[in-house]
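Inside the fold
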Amino acid sequence: MAREVGDRTVGVRWAGERLAELLGEPRYRRRWQRFSSVRRGALPRAAVAAVLAAHLVETGEVGWEHRPRSLENRVGRALNGDRLSDRTLELFVAAFEMTDEHAEELRTLRRGRPVGGRLVVAGALDGERPMPRRTVRTLQVAEHHEVGADRSPRLHVTRQLLEAVEATDRHHYVFDTDHAAVAVLTGGTPVGAFRVAGTPLCAVEILLDEPLLPGQTTHLEYRTAFAYPEPPAPEFRRGVSAGVRHLALTVRFDPAALPGAVLRARWHGVDATEPAEEQPVQLVGGQTSLAAVPDGACVLGWRWRW
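If you're wondering where the values come from, they're calculated on a predicted model, not measured in any experiment.

Calculation notes
- Residues numbered from 1 in each chain as written.
- Predicted model: local features only at pLDDT ≥ 70, side-chain atom pairs only at ≥ 80, totals over all residues.
- Heavy atoms only, no water.
- Buried < 20%, exposed > 50% of the residue type's maximum accessible area, 1.4 Å probe, protein only.
- Helix = DSSP H or I, 4+ residues; strand = E, 2+ residues; numbered from the N terminus.
- Arc of directions from axis to C-beta.
- Core = buried A, V, L, I, M, F, W, Y, C linked by side-chain atoms within 4.5 Å.
- 1 Å grid on protein atoms, 1.4 Å probe; cavity = no way out; pocket = protein on both sides within 12 Å on 5 of 7 lines; lining within 4 Å.
- Points joined across faces, edges and corners; volume = space filled by probe spheres on them.
- Nonpolar A, V, L, I, M, F, W, Y, C, P; charged D, E, K, R; others polar.
- Phe/Tyr/Trp six-rings, centres within 6.5 Å; stacked < 30°, edge-to-face > 60°.
- Salt bridge = Lys/Arg side-chain N within 4 Å of Asp/Glu carboxyl O.
- Contact = heavy atoms within 4.5 Å.
- Pairing = 2+ DSSP bridges.
- Axes fitted to C-alpha atoms, helices over the stretch in contact; angles between N-to-C directions.

Observations concerning helix α2 (residues 26–33)
Along α2, the residues that are buried comprise Tyr28, Arg29 and Trp32. Taken end-on, α2 shows its buried residues confined to a sector of 105°, consistent with a single buried face. Exposed side of α2, more than 90 degrees from the buried face: Pro26 and Arg30 are the residues found there.

Shown next, in the form of C-alpha coordinates:
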(Lines give C-alpha, C1' and ligand atoms only; values in the text may rest on other atoms or scores of the structure.)
Protein backbone atom coordinates (compact mmCIF):
# COMPACT_ATOMS: atom_id res chain seq x y z
CA MET A 1 0.00 0.00 0.00
CA ALA A 2 2.86 2.40 0.75
CA ARG A 3 4.03 2.08 -2.84
CA GLU A 4 0.56 2.85 -4.20
CA VAL A 5 0.29 5.93 -2.00
CA GLY A 6 3.74 7.04 -3.16
CA ASP A 7 2.70 6.66 -6.79
CA ARG A 8 -0.37 8.79 -6.23
CA THR A 9 1.67 11.48 -4.44
CA VAL A 10 4.11 11.71 -7.31
CA GLY A 11 1.15 11.70 -9.69
CA VAL A 12 -0.37 14.70 -7.93
CA ARG A 13 2.90 16.60 -8.36
CA TRP A 14 2.99 15.70 -12.03
CA ALA A 15 -0.65 16.63 -12.57
CA GLY A 16 -0.14 19.97 -10.82
CA GLU A 17 2.91 20.72 -12.95
CA ARG A 18 1.08 19.83 -16.16
CA LEU A 19 -2.00 21.80 -15.09
CA ALA A 20 0.15 24.91 -14.61
CA GLU A 21 1.68 24.38 -18.07
CA LEU A 22 -1.74 24.05 -19.70
CA LEU A 23 -3.14 27.17 -18.01
CA GLY A 24 -0.28 29.10 -19.59
CA GLU A 25 -1.40 28.09 -23.10
CA PRO A 26 -3.41 30.70 -25.07
CA ARG A 27 -6.73 28.83 -25.15
CA TYR A 28 -6.86 28.63 -21.33
CA ARG A 29 -4.83 31.75 -20.57
CA ARG A 30 -7.52 33.93 -22.17
CA ARG A 31 -10.00 32.77 -19.54
CA TRP A 32 -8.01 33.95 -16.52
CA GLN A 33 -6.30 36.92 -18.16
CA ARG A 34 -9.45 39.02 -18.13
CA PHE A 35 -9.24 38.90 -14.32
CA SER A 36 -5.58 39.94 -14.21
CA SER A 37 -3.13 42.52 -15.51
CA VAL A 38 -0.29 39.99 -15.34
CA ARG A 39 1.27 39.31 -18.74
CA ARG A 40 4.39 37.39 -17.76
CA GLY A 41 5.74 35.33 -14.91
CA ALA A 42 3.97 32.94 -12.58
CA LEU A 43 0.28 32.19 -12.93
CA PRO A 44 -1.72 34.63 -10.78
CA ARG A 45 -3.65 32.50 -8.30
CA ALA A 46 -6.29 35.19 -7.79
CA ALA A 47 -7.15 35.27 -11.50
CA VAL A 48 -7.29 31.48 -11.79
CA ALA A 49 -9.45 31.36 -8.65
CA ALA A 50 -11.77 33.95 -10.23
CA VAL A 51 -12.39 31.62 -13.20
CA LEU A 52 -13.25 28.74 -10.86
CA ALA A 53 -15.53 30.97 -8.76
CA ALA A 54 -17.35 32.27 -11.85
CA HIS A 55 -18.03 28.70 -12.94
CA LEU A 56 -19.36 27.73 -9.51
CA VAL A 57 -21.71 30.73 -9.53
CA GLU A 58 -22.84 30.01 -13.09
CA THR A 59 -23.68 26.38 -12.27
CA GLY A 60 -25.49 27.36 -9.08
CA GLU A 61 -23.09 25.51 -6.78
CA VAL A 62 -22.47 28.71 -4.81
CA GLY A 63 -24.26 32.05 -4.52
CA TRP A 64 -23.22 35.30 -6.16
CA GLU A 65 -21.80 36.51 -2.83
CA HIS A 66 -19.11 33.76 -2.95
CA ARG A 67 -15.63 35.31 -2.82
CA PRO A 68 -12.98 34.04 -5.30
CA ARG A 69 -10.33 34.71 -2.64
CA SER A 70 -11.60 31.69 -0.70
CA LEU A 71 -10.35 29.47 -3.56
CA GLU A 72 -6.83 30.91 -3.82
CA ASN A 73 -5.19 28.49 -1.39
CA ARG A 74 -6.89 25.60 -3.14
CA VAL A 75 -5.54 26.85 -6.47
CA GLY A 76 -2.05 27.30 -5.04
CA ARG A 77 -1.93 23.77 -3.61
CA ALA A 78 -3.11 22.34 -6.95
CA LEU A 79 -0.61 24.24 -9.12
CA ASN A 80 2.25 23.47 -6.71
CA GLY A 81 1.39 19.78 -6.85
CA ASP A 82 0.83 19.66 -3.08
CA ARG A 83 -2.84 18.64 -3.13
CA LEU A 84 -5.19 17.95 -6.03
CA SER A 85 -8.35 15.97 -5.30
CA ASP A 86 -10.56 14.47 -7.99
CA ARG A 87 -13.16 17.11 -7.23
CA THR A 88 -10.69 19.99 -7.61
CA LEU A 89 -9.27 18.57 -10.83
CA GLU A 90 -12.76 18.22 -12.32
CA LEU A 91 -13.51 21.81 -11.29
CA PHE A 92 -10.49 23.01 -13.31
CA VAL A 93 -11.53 20.85 -16.26
CA ALA A 94 -15.08 22.21 -16.27
CA ALA A 95 -14.28 25.86 -15.48
CA PHE A 96 -11.65 26.10 -18.23
CA GLU A 97 -13.61 23.88 -20.64
CA MET A 98 -10.57 21.71 -21.20
CA THR A 99 -10.36 19.43 -24.19
CA ASP A 100 -11.05 15.73 -23.65
CA GLU A 101 -7.39 15.00 -24.43
CA HIS A 102 -6.06 17.42 -21.81
CA ALA A 103 -8.62 16.33 -19.21
CA GLU A 104 -7.75 12.65 -19.60
CA GLU A 105 -4.02 13.43 -19.54
CA LEU A 106 -4.41 15.21 -16.18
CA ARG A 107 -6.55 12.40 -14.73
CA THR A 108 -4.02 9.79 -15.84
CA LEU A 109 -1.09 11.72 -14.39
CA ARG A 110 -2.89 12.24 -11.10
CA ARG A 111 -3.34 8.47 -10.78
CA GLY A 112 0.42 8.07 -11.19
CA ARG A 113 0.14 6.37 -14.57
CA PRO A 114 2.70 6.87 -17.35
CA VAL A 115 1.78 9.40 -20.03
CA GLY A 116 3.97 10.13 -23.04
CA GLY A 117 7.58 10.47 -21.91
CA ARG A 118 6.75 10.10 -18.20
CA LEU A 119 7.29 7.08 -15.94
CA VAL A 120 6.45 6.55 -12.24
CA VAL A 121 9.36 4.56 -10.89
CA ALA A 122 7.68 2.56 -8.09
CA GLY A 123 4.91 1.42 -10.39
CA ALA A 124 7.34 0.44 -13.15
CA LEU A 125 10.01 -1.48 -11.20
CA ASP A 126 10.71 -4.77 -12.93
CA GLY A 127 12.62 -6.73 -10.29
CA GLU A 128 16.37 -6.59 -9.71
CA ARG A 129 19.10 -6.62 -12.33
CA PRO A 130 22.84 -6.06 -12.36
CA MET A 131 23.82 -2.61 -13.56
CA PRO A 132 24.26 -2.84 -17.35
CA ARG A 133 27.64 -2.16 -18.92
CA ARG A 134 28.22 1.54 -19.52
CA THR A 135 27.74 2.34 -23.21
CA VAL A 136 27.85 6.15 -23.01
CA ARG A 137 29.91 8.66 -21.10
CA THR A 138 28.91 12.13 -19.93
CA LEU A 139 30.87 15.00 -21.45
CA GLN A 140 28.87 17.87 -19.93
CA VAL A 141 26.16 17.96 -17.29
CA ALA A 142 23.98 20.67 -15.74
CA GLU A 143 21.62 19.86 -12.88
CA HIS A 144 19.03 21.91 -11.03
CA HIS A 145 17.88 20.53 -7.65
CA GLU A 146 14.90 21.92 -5.71
CA VAL A 147 14.09 21.32 -2.04
CA GLY A 148 10.45 21.85 -1.10
CA ALA A 149 8.70 23.39 1.88
CA ASP A 150 8.63 19.94 3.52
CA ARG A 151 12.47 19.92 3.53
CA SER A 152 12.51 17.05 1.02
CA PRO A 153 13.78 17.08 -2.57
CA ARG A 154 10.93 18.12 -4.82
CA LEU A 155 12.30 18.40 -8.33
CA HIS A 156 15.51 17.62 -10.18
CA VAL A 157 16.31 18.62 -13.76
CA THR A 158 19.26 17.09 -15.62
CA ARG A 159 20.75 18.20 -18.95
CA GLN A 160 23.54 16.05 -20.35
CA LEU A 161 25.76 15.82 -23.40
CA LEU A 162 26.44 12.11 -23.90
CA GLU A 163 29.00 10.38 -26.10
CA ALA A 164 28.70 6.73 -27.09
CA VAL A 165 31.68 4.52 -26.18
CA GLU A 166 30.11 1.67 -28.15
CA ALA A 167 27.07 1.29 -30.38
CA THR A 168 23.99 1.85 -28.23
CA ASP A 169 20.38 3.00 -28.24
CA ARG A 170 19.87 3.66 -24.52
CA HIS A 171 21.05 5.36 -21.35
CA HIS A 172 20.54 4.32 -17.72
CA TYR A 173 19.69 7.02 -15.18
CA VAL A 174 20.46 5.89 -11.61
CA PHE A 175 19.30 7.40 -8.29
CA ASP A 176 18.58 6.32 -4.73
CA THR A 177 14.78 6.22 -4.27
CA ASP A 178 11.70 4.73 -5.90
CA HIS A 179 9.55 7.64 -4.64
CA ALA A 180 10.06 9.39 -7.93
CA ALA A 181 8.69 9.97 -11.40
CA VAL A 182 10.86 10.64 -14.43
CA ALA A 183 9.87 12.66 -17.48
CA VAL A 184 12.23 12.80 -20.45
CA LEU A 185 11.89 16.22 -22.05
CA THR A 186 14.27 15.84 -25.00
CA GLY A 187 16.36 13.07 -26.48
CA GLY A 188 14.57 9.89 -25.48
CA THR A 189 11.73 8.01 -23.79
CA PRO A 190 11.71 6.16 -20.43
CA VAL A 191 10.82 2.54 -21.16
CA GLY A 192 11.28 0.80 -17.81
CA ALA A 193 12.82 0.77 -14.36
CA PHE A 194 14.54 -1.78 -12.14
CA ARG A 195 16.37 -2.00 -8.84
CA VAL A 196 20.13 -2.38 -9.17
CA ALA A 197 20.96 -5.76 -7.64
CA GLY A 198 22.64 -5.61 -4.25
CA THR A 199 22.10 -1.85 -3.84
CA PRO A 200 19.33 0.55 -2.74
CA LEU A 201 19.56 2.22 -6.16
CA CYS A 202 16.93 2.37 -8.89
CA ALA A 203 17.69 2.70 -12.59
CA VAL A 204 15.44 4.11 -15.29
CA GLU A 205 16.16 2.86 -18.78
CA ILE A 206 15.87 5.63 -21.39
CA LEU A 207 15.54 4.67 -25.03
CA LEU A 208 17.34 7.31 -27.10
CA ASP A 209 15.53 8.99 -29.98
CA GLU A 210 18.37 8.00 -32.33
CA PRO A 211 20.81 5.09 -31.88
CA LEU A 212 24.46 6.13 -31.49
CA LEU A 213 27.64 4.78 -33.02
CA PRO A 214 30.93 5.02 -31.08
CA GLY A 215 32.00 8.66 -30.81
CA GLN A 216 28.57 10.08 -31.70
CA THR A 217 26.94 12.46 -29.21
CA THR A 218 23.41 13.39 -28.18
CA HIS A 219 21.72 15.78 -25.76
CA LEU A 220 19.37 14.39 -23.13
CA GLU A 221 17.17 16.34 -20.74
CA TYR A 222 14.96 14.78 -18.08
CA ARG A 223 13.05 15.90 -15.01
CA THR A 224 12.54 13.93 -11.81
CA ALA A 225 9.67 14.70 -9.42
CA PHE A 226 10.09 13.32 -5.89
CA ALA A 227 7.59 12.41 -3.17
CA TYR A 228 9.68 11.23 -0.22
CA PRO A 229 7.58 9.94 2.72
CA GLU A 230 10.19 11.44 5.10
CA PRO A 231 12.94 14.02 4.46
CA PRO A 232 16.21 12.30 3.49
CA ALA A 233 19.68 13.42 4.61
CA PRO A 234 20.09 17.21 4.15
CA GLU A 235 22.54 17.06 1.27
CA PHE A 236 22.84 16.92 -2.50
CA ARG A 237 25.72 14.98 -4.06
CA ARG A 238 26.71 14.57 -7.70
CA GLY A 239 29.21 11.88 -8.66
CA VAL A 240 31.39 12.90 -11.59
CA SER A 241 33.37 10.48 -13.77
CA ALA A 242 36.82 11.31 -15.09
CA GLY A 243 35.55 12.08 -18.60
CA VAL A 244 33.27 14.98 -17.61
CA ARG A 245 34.55 18.22 -19.15
CA HIS A 246 32.15 20.64 -17.49
CA LEU A 247 29.79 20.46 -14.53
CA ALA A 248 27.18 23.03 -13.43
CA LEU A 249 25.00 22.48 -10.35
CA THR A 250 22.29 24.58 -8.70
CA VAL A 251 20.32 23.89 -5.54
CA ARG A 252 17.28 25.99 -4.65
CA PHE A 253 15.25 25.99 -1.43
CA ASP A 254 11.60 26.84 -1.00
CA PRO A 255 11.20 30.19 0.81
CA ALA A 256 9.27 28.37 3.55
CA ALA A 257 12.24 26.06 4.27
CA LEU A 258 15.47 28.04 4.08
CA PRO A 259 18.34 26.24 5.87
CA GLY A 260 20.30 27.86 8.67
CA ALA A 261 23.62 27.08 6.97
CA VAL A 262 24.73 25.68 3.61
CA LEU A 263 28.17 24.23 2.95
CA ARG A 264 29.66 23.44 -0.43
CA ALA A 265 31.32 20.04 -0.16
CA ARG A 266 33.55 17.52 -1.88
CA TRP A 267 33.58 13.83 -0.99
CA HIS A 268 36.27 11.28 -1.81
CA GLY A 269 33.67 8.88 -3.22
CA VAL A 270 29.99 7.96 -3.34
CA ASP A 271 30.35 5.75 -0.25
CA ALA A 272 32.04 8.41 1.90
CA THR A 273 29.90 9.45 4.88
CA GLU A 274 31.75 12.71 5.60
CA PRO A 275 33.09 15.25 3.09
CA ALA A 276 36.81 15.65 2.58
CA GLU A 277 36.37 19.39 2.07
CA GLU A 278 33.59 21.87 2.78
CA GLN A 279 33.12 25.62 2.99
CA PRO A 280 30.10 27.79 3.85
CA VAL A 281 28.22 29.58 1.08
CA GLN A 282 25.53 32.24 1.07
CA LEU A 283 22.16 31.76 -0.58
CA VAL A 284 20.98 34.39 -3.05
CA GLY A 285 17.26 34.28 -3.71
CA GLY A 286 17.13 30.94 -1.89
CA GLN A 287 19.69 29.27 -4.15
CA THR A 288 23.38 28.69 -4.76
CA SER A 289 25.33 27.22 -7.66
CA LEU A 290 28.73 25.94 -8.67
CA ALA A 291 30.49 25.36 -11.97
CA ALA A 292 33.60 23.26 -12.35
CA VAL A 293 35.95 21.62 -14.81
CA PRO A 294 36.64 18.43 -12.82
CA ASP A 295 40.24 17.25 -12.56
CA GLY A 296 39.16 13.62 -12.37
CA ALA A 297 36.49 11.46 -10.78
CA CYS A 298 34.95 13.19 -7.76
CA VAL A 299 31.73 13.82 -5.83
CA LEU A 300 30.60 17.45 -5.48
CA GLY A 301 27.57 19.11 -3.93
CA TRP A 302 26.28 20.65 -0.71
CA ARG A 303 25.29 19.83 2.84
CA TRP A 304 22.96 22.02 4.91
CA ARG A 305 21.63 22.42 8.43
CA TRP A 306 18.05 23.39 9.26
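Some details on the nonpolar core
One broad rule of soluble globular proteins: the nonpolar side chains tend to lie buried together. Formed by 37 residues in total, the largest nonpolar core has its most connected members in Leu23, Trp32, Leu52, Phe92, Phe96 and Met98. The next biggest cluster of nonpolar side chains, apart from the first, holds 21 residues, and it includes Leu119, Val136, Val182 and Ala193.

Quick look at the layout of surface pockets
The method is simple in principle: a probe with the dimensions of a water molecule rolls over the atoms, and the space it marks as empty is what remains. Of the volumes computed, that of the largest pocket is approximately 1,500 Å³. Lining of the largest pocket is provided by 40 residues; of these, Val174, Phe175, Arg237, Arg238 and Gly239 occupy positions nearest its centre. Going through the elements one at a time, β3 (136–147), β4 (153–164), β5 (168–175), β9 (217–226) and β10 (235–240) are the ones with two or more residues in the lining of the largest pocket. Looking at the lining of the largest pocket residue by residue, the class counts come to 20 nonpolar, ten polar and ten charged. Approximately 820 Å³ is the volume attributed to the second largest pocket. Surrounding the second largest pocket, 29 residues form its lining, Leu79, Asn80, Glu146, Arg154 and Leu155 being those nearest its centre. Of all the secondary structure elements, the ones that give two or more residues to the lining of the second largest pocket are α1 (2–23), α4 (72–79), β3, β4, β9 and β11 (246–253). At six residues, α1 tops the list of elements feeding residues into the lining of the second largest pocket.

Some thoughts on the packing of aromatic side chains
Under the defined criterion, the tally for this structure stands at eight aromatic pairs. Judged by centre distance (4.7 Å) and plane angle (45°), the rings of Tyr173 and Phe175 are tilted. Comparing Tyr173 with Phe175, the two get one shared label, buried. Seen from their ring centres, Tyr173 and Tyr222 are 4.5 Å apart, and the 45° between their planes marks the pair as tilted. Here Tyr173 is found in strand β5, whereas its partner Tyr222 is found in strand β9, with 49 residues between them in sequence. Take Tyr173 and Tyr222: they sit in the same class, and that class is buried. Taken together through their ring pairs, the aromatic side chains of Tyr173, Phe175 and Tyr222 make up a single cluster.

Topic: unusual backbone geometry
Backbone geometry places Glu97, a non-glycine residue, at a positive phi of 45°. Within the secondary structure, Glu97 is located in the loop between α5 (86–95) and α6 (100–110). Assessed through its relative accessible area of 54%, Glu97 is described here as exposed.

Some points on α5
Those residues of α5 not exposed but buried are Thr88, Leu89, Leu91, Phe92, Val93 and Ala95. Phi for Glu97, located one or two positions after α5, is positive at around 45°.

Structural notes on the pattern of salt bridges
Charged atoms that come close allow side chains of opposite charge to pair. In this structure the tally under the stated criterion is 23 salt bridges. In this structure, Arg13 engages Asp150 in a salt bridge whose closest nitrogen and oxygen atoms are separated by 3.6 Å. A residue pair is termed long-range when its members are at least 10 positions apart, and Arg13 in helix α1 and Asp150 in the loop between β3 and β4 qualify at 137 residues. You can call Arg13 buried: its relative accessible area is 13%.

A short note on the environment of Leu43
Its location among the elements puts Leu43 in the loop between α2 and α3 (45–58). Distance from Leu43 to Glu210, taken between C-alpha atoms, is 36 Å for residues 167 residues apart in sequence. The residues contacting Leu43, other than those within four sequence positions of it, are Ala20, Leu23, Gly24, Trp32 and Leu79.

Looking at the sheet that holds β11
With respect to topology, seven strands assemble into an open sheet ordered β1-β6-β9-β4-β3-β11-β14, the strand pairing being mixed. Where the open sheet ends on each side, the last strands, each with one partner, are β1 (118–120) and β14 (287–292). In this sheet, adjacent strand axes meet at a mean angle of 15° when their direction is disregarded. As paired strands, β4 and β9 are joined by nine bridges and run antiparallel to one another. Bridged to Leu155 within β9 is Ala225.

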